[in-house]
Amino acid sequence: MFDVIPEQPEHAAAIEALLDLSFGPGRYAKTAQRLREGNIAVPELCSVAFCGEGENRRTVGSLRFWPVMLGSRPGLMLGPLAVEPALRSKGCGIRMMDLALAEAKRLGYKLVILVGDMPYYTKVGFGPVAPGKLTMPGPVDPARFLYRELDIGAFTNVHGAVTKPDANVDFEALLACAD
Ligand SMILES: CC(C)(COP(=O)(O)OP(=O)(O)OC[C@H]1O[C@@H](n2cnc3c(N)ncnc32)[C@H](O)[C@@H]1OP(=O)(O)O)[C@@H](O)C(=O)NCCC(=O)NCCS
């Protein structure tokens, strides 16, 4: 029912419309947004879902990932994830995340965080970040601050502030030597 493909520049307008519809203007005030502004999403992991044939074919889902530092360790932040209202609860969101998380692991990422509804994200292996372990650059409901290890044990010694990667730091190199 859904084709999931890598996000391309020409999808931008449809994605913005979907995000406006799904989150409203409040999306720019979220703490996670502080980690997106001035950051560059990971192109290999951002995807869109398409549905329909011919002139009915349209963008119905969007998922993005961002590079972040978790204390001194490189990681990813998942989100936003949005699916067109009429096509929700048909497996699109979970499928997009399963595909992207498998690709993230293949690319060498070990940790993913997000801020979102725990009952949903536990379906793809996320759990709550222990209080005090990581701090976000603004207020976050602790029950919605979640992580997933792509490499077992990768979260054990992680602590500190969640930040955008420094522009002068070679994030790929950090990723390659992260334990
Ligand atoms: C959240 C969202 C991306 C889910 O996408 P989707 O394609 O409908 O989800 P899926 O079909 O893959 O999964 C559906 C399952 O997740 C559950 N689910 C969906 N959203 C949920 C939520 N917020 N909390 C708990 N469970 C949720 C459904 O009940 C369904 O459960 P079931 O399989 O037991 O019936 C979509 O509802 C959406 O775009 N919402 C508005 C934007 C948003 O809130 N994004 C996520 C930020 S937390």
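Look above for the structure.
The shown structure was predicted, so the numbers you read here are calculated from the model rather than taken from an experiment. Counting starts from 1 at the beginning of each chain's written sequence and moves along it residue by residue. pLDDT decides what is reported in this predicted model: residues at 70 or higher carry local features, side-chain atom pairs at 80 or more are listed and counted, and totals for whole chains, interfaces and linings draw on all residues regardless. The basis for every side-chain value is the complete set of non-hydrogen atoms in the structure, without hydrogens or water.

Asks: Before we go on, may I ask you to explain the nonpolar core in this structure?
Replies: Across soluble globular proteins, nonpolar side chains show a tendency to be buried alongside one another. Residue types Ala, Val, Leu, Ile, Met, Phe, Trp, Tyr and Cys, when buried and joined through side-chain atoms within 4.5 Å, form a set referred to as a nonpolar core. Only protein chains enter the accessibility calculation, which uses a 1.4 Å probe; a residue whose area is less than 20% of its type maximum is buried, one above 50% is exposed, and one in between is partly exposed. Counting 30 residues, the largest nonpolar core has Phe65, Leu78, Tyr109 and Phe126 as the members making the most contacts within it. Only DSSP runs of H or I with at least four residues qualify as helices, and only runs of E with at least two residues qualify as strands; both kinds are numbered from the N terminus onward. Those elements that provide at least two residues to this core are β2 (47-51), β3 (58-70), β4 (73-83), α3 (92-106), β5 (111-115) and α5 (171-177). Looking at which element gives the most residues to this core, the answer is α3, with six residues. Not counting chain neighbours up to four residues away, the residues in contact with Leu78 comprise Leu63, Arg64, Phe65, Met97, Val112, Ile113, Leu114, Tyr121 and Phe126. Core analysis: the next-biggest nonpolar cluster, separate from the first, contains 18 residues, Trp66, Met77, Phe145 and Phe155 among them. Contact criterion: two residues are considered in contact whenever any of their non-hydrogen atoms come within 4.5 Å of each other.

Asks: How should I be thinking about the side chain of Lys133 in this particular structure?
Replies: Topologically, Lys133 is positioned in the loop between β6 (127-128) and β7 (134-135). We note that Lys133 is buried and unpaired, the nearest opposite charge coming from Glu149 at a distance of 7.6 Å. Definition of a polar contact: a pair of N or O atoms within 3.5 Å, with one able to donate and the other able to accept a hydrogen when the atoms are protein atoms, and with sequence-neighbouring residues admitted only if both atoms are side-chain atoms. Among the polar contacts made by the side chain of Lys133, one reaches the main-chain carbonyl oxygen of Phe155 at a distance of 2.9 Å. A polar contact is formed between the side chain of Lys133 and the backbone oxygen of Thr156, at a distance of 3.0 Å. Once you skip the residues sitting within four places of it in the chain, Lys133 turns out to touch Phe155, Thr156, Asn157, Val158, His159 and Gly160. A positive count includes Lys and Arg, and a negative count includes Asp and Glu. His and the chain ends are not counted in either. Counted as salt bridges are all cases of a side-chain nitrogen of Lys or Arg within 4 Å of a carboxyl oxygen of Asp or Glu.

Asks: Can you help me understand the pairing of β4 in this one?
Replies: Here β4 lies mainly inside the structure; eleven of its eleven residues are buried. The rule for pairing is simple: two strands pair if DSSP sees at least two bridges between them. The sheet contact formed by β3 and β4 spans nine bridges and is antiparallel. Paired with Val68 across the bridge in β4 is Gly75. Linking two consecutive strands that pair antiparallel, namely β3 and β4, is a turn of two residues; a positive phi of about 65° is found at Gly71 within it. Sheet analysis places β4 next to β5, joined by two bridges and oriented parallel. Across the sheet, the residue bridging to Met77 is Ile113, located in β5. In this fold, β4 hands off to α3, which returns the chain to β5; that crossover is right-handed. A crossover gets the label right-handed when its path from the first strand over the helix to the second runs clockwise, viewed with the strands pointing away from the viewer.

Asks: I keep staring at the site of the ligand and nothing clicks. Help me out?
Replies: Working definition: residue near molecule or strand if any one of its non-hydrogen atoms lies within 4 Å of it. Of all residues adjacent to the ligand, which total 18 residues, the nearest are Val83, Ser89, Gly91, Ile94 and Asp117. At 2.9 Å, a backbone N or O of Leu81 approaches a nitrogen atom of the ligand. For the ligand, whose unbound accessible area comes to 870 Å², protein coverage reaches 68%. Going through the elements one at a time, α1 (12-23), β4, α3 and α4 (118-121) are the ones with two or more residues in the shell around the ligand. For this classification, Asp, Glu, Lys and Arg are treated as charged, while Ala, Val, Leu, Ile, Met, Phe, Trp, Tyr, Cys and Pro are nonpolar and the rest, including Gly, are polar. Its residues assigned to classes, the shell around the ligand comprises nine nonpolar, five polar and four charged. All accessible areas in this document rest on Shrake-Rupley with a 1.4 Å probe, and a residue is counted as covered only by the protein chains that are shown.

Asks: Please clarify how the pattern of salt bridges should be interpreted in this entry.
Replies: Pairs may arise between side chains of opposite charge once their charged atoms sit close together. A full pass over the atoms with the stated rule returns nine salt bridges. A salt bridge links Arg34 to Glu37, with the nearest nitrogen and oxygen atoms 3.2 Å apart. Arg34 sits in the partly exposed class, given a relative accessible area of 32%. Taking relative accessible area as the criterion, Glu37 reaches 36% and is therefore assigned partly exposed. Note that Arg106 is salt-bridged to Glu103, the shortest N-O span being 2.9 Å. Placement of the pair is Arg106 and Glu103 together in helix α3, with a separation of three residues, close to one helical turn. Owing to a relative accessible area of 61%, Arg106 belongs among the exposed residues under this scheme. Residue Glu103 is classed as partly exposed on the basis of its relative accessible area of 24%. One connected set of salt bridges, linked through shared partners, spans Glu7, Glu16, Asp20, Arg27 and Arg64.

From the geometry alone we can't say anything about function, so treat these as descriptive.
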